[in-house]
Amino acid sequence: MIRKINRRVFKFFFLLFIFIYLQVSAVVAQTSSEIKRMQWTVGDTKREALVYIPATAKTKISPLIFVFHGHGGTMENAYRSHQFDKLWPEAIVVYPQGLNTPGQLTDPQGKLSGWQKENGDMNNRDLNFFDQMLKTFKEDYKIDDKRIYATGHSNGGGFTYLLWATRADVFAAFAPSSAVARKVAGQLKPKPAMHIMGEKDPLVKPAWQKLMCNLILKLNSCDAEGKPYGAYATYYPSESGNPVILYVHPGGHVYPTAADEVVVKFFKGIEKQ
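Described in the following lines is the structure provided in the data block. Everything quoted here is computed from the prediction, not taken from an experiment.

**A closer look at the environment of Arg182**
Link 1 in the chain: Its location among the elements puts Arg182 in the loop between strand E8 (173-177) and strand E9 (193-198).
Link 2 in the chain: Considering only alpha carbons, one finds Arg182 and Tyr161, 21 residues apart in sequence, at a separation of 8.9 Å.
Link 3 in the chain: Discounting residues that sit within four places of it in the chain, Arg182 has contacts with Gln104, Lys117 and Glu118.

Here it is in structure tokens:
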């Protein structure tokens, strides 16, 4: 009888130990993810980015998301204002820092940070920066080449469009916000995309953005009628396999936090063909 009890006690504590071990291991795995400040030298200029790196980035194939702040923004504010690492903790998320840049609509003297606006602008300093970042991540981590994405707001959205025009084959999908492609619109090739805009945007006029959206829908051979894709979002299927989501919120020249969930949902459903 005593032996039977001892065996039961032993079995109970053994199973309890295994349960606690698995729970602790899960917590350790979660907390070993980190935010790193990474640096590059592009030409003779120091560049940097805040990067969320999941614990599995060196052992498991990881999606890669680039997030570009707007004119006058910072990588720190971009990180704080988004939830990509929480919504998709398996993905590497990169928040690059722009340099002082003359603005298209504000800050003509270029006292605030931003991104180049077209190919060849500023000796392609930001396109070259992107190329170096991508090279580093591919060398240091297990990047899923079929799941690389870019998103950005305002000037960062414009740079997202520039990446689409000049580096389209790298990416699975794009999600620019409060931006238009300006001079590079004719260089875009069909790609899955999500455009985010405010109905009361005082800077990048809604009429301009609607023209941009119509161009994308036509470029991607999308259906004329869209389908609901959550609050403010409409999904347009594509004959060419390049669907478009239009996220039209009632605000102004702002990025709505709720859009993050839709962006991640869209990105997760898209892989580069």
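Now, onward.
**Some points on helix H4 (residues 125-140)**
Link 1 in the chain: Taking 1.5 Å of rise per residue, 16 residues should cover 22 Å, and H4 covers 23 Å from first to last C-alpha, within 8% of that figure.
Link 2 in the chain: If you check which residues of H4 are buried, you get Arg125, Asp126, Leu127, Phe129, Phe130, Met133, Leu134, Thr136 and Phe137.

**Brief notes about the sheet that holds E8**
Link 1 in the chain: Read across the open sheet, the 10 strands follow the order E1-E2-E4-E3-E7-E8-E9-E12-E11-E10; overall the sheet is mixed. Both outer strands of the open sheet, strand E1 (34-42) and strand E10 (227-228), are each paired with one neighbouring strand and no more.
Link 2 in the chain: Direction of pairing for E1 relative to strand E2 (residues 45-53): antiparallel, over a ladder of 9 bridges. Considered in E2, the bridge of Thr41 is made with Lys46.
Link 3 in the chain: Here helix H7 (residues 259-268) sits on the sheet in contact with strand E3 (62-68), strand E7 (143-153), E8, E9, strand E11 (233-236) and strand E12 (244-249), set at roughly 165 degrees to E9.

**A few points about unusual backbone geometry**
Link 1 in the chain: In the Ramachandran plot, Asn123 falls in the positive-phi region, its phi being about 55 degrees despite a non-glycine side chain.
Link 2 in the chain: Inspection of the secondary structure assignment puts Asn123 in the loop between strand E6 (113-114) and H4.
Link 3 in the chain: A residue is classified by how much of its surface remains accessible, and Asn123, at 70% relative accessible area, is exposed.
Link 4 in the chain: Its identity is not glycine, yet Tyr232 carries a phi of approximately 70 degrees, on the positive side.
Link 5 in the chain: Inspection of the secondary structure assignment puts Tyr232 in the loop between E10 and E11.
Link 6 in the chain: Residue Tyr232 is classed as partly exposed on the basis of its relative accessible area of 45%.

**Quick word on a nonpolar patch on the surface**
Link 1 in the chain: Residues Leu105, Leu203 and Trp208 make up a contiguous nonpolar surface patch of about 270 Å² in total accessible area.
Link 2 in the chain: Its place among the elements puts Leu203 in the loop between E9 and helix H6 (206-219).
Link 3 in the chain: By relative accessible area, which is 34% here, Leu203 ends up partly exposed.

**Digging into the layout of surface pockets**
Link 1 in the chain: Reported here for the largest pocket is a volume of approximately 460 Å³.
Link 2 in the chain: In this structure, the largest pocket is lined by 25 residues; those nearest its centre are Gln104, Leu105, Ser154, Asn155 and Val204.
Link 3 in the chain: Its residues assigned to classes, the lining of the largest pocket shows 11 nonpolar, 12 polar and 2 charged.
Link 4 in the chain: Volume-wise, the second largest pocket comes out at about 220 Å³.
Link 5 in the chain: Looking at the second largest pocket, it is lined by 16 residues, and the ones nearest its centre are His69, Gly70, Ala78, Ser81 and His153.
Link 6 in the chain: Counting only elements with at least two residues in the lining of the second largest pocket, the list comes to E3, helix H2 (75-81) and E7.
Link 7 in the chain: For the lining of the second largest pocket, a count of residues per class yields 4 nonpolar, 12 polar and no charged.

**Things to note about the packing of H4 against helix H5 (residues 155-167)**
Relative placement of two packed helices is described by the angle separating their axes and the distance separating the axes.
Link 1 in the chain: One can describe the packing of H4 onto H5 by two numbers: an axis separation of 11 Å at closest approach and a directional angle of 70 degrees. On the basis of their axis angle, the class for H4 and H5 is roughly perpendicular. Of H5, the residues touching H4 (which contributes Asp126, Leu127, Phe130 and Asp131) are Phe159, Leu162, Leu163, Thr166 and Arg167.

Parameters and conventions
Residues numbered from 1 in each chain as written. Predicted model: local features only at pLDDT ≥ 70, side-chain atom pairs only at ≥ 80, totals over all residues. Heavy atoms only, no water. Helix = DSSP H or I, 4+ residues; strand = E, 2+ residues; numbered from the N terminus. Contact = heavy atoms within 4.5 Å. Expected span 1.5 Å × (residues − 1). Buried < 20%, exposed > 50% of the residue type's maximum accessible area, 1.4 Å probe, protein only. Pairing = 2+ DSSP bridges. Axes fitted to C-alpha atoms, helices over the stretch in contact; angles between N-to-C directions. Patch = residues over 30% accessible without salt bridge, like charges linked within 9 Å, V, L, I, M, F, W, Y side chains within 5 Å. Areas by Shrake-Rupley, 256 points an atom, 1.4 Å probe, with all protein chains shown as cover. Salt bridge = Lys/Arg side-chain N within 4 Å of Asp/Glu carboxyl O. 1 Å grid on protein atoms, 1.4 Å probe; cavity = no way out; pocket = protein on both sides within 12 Å on 5 of 7 lines; lining within 4 Å. Points joined across faces, edges and corners; volume = space filled by probe spheres on them. Nonpolar A, V, L, I, M, F, W, Y, C, P; charged D, E, K, R; others polar. Parallel < 35°, antiparallel > 145°, perpendicular 65-115°, else oblique.

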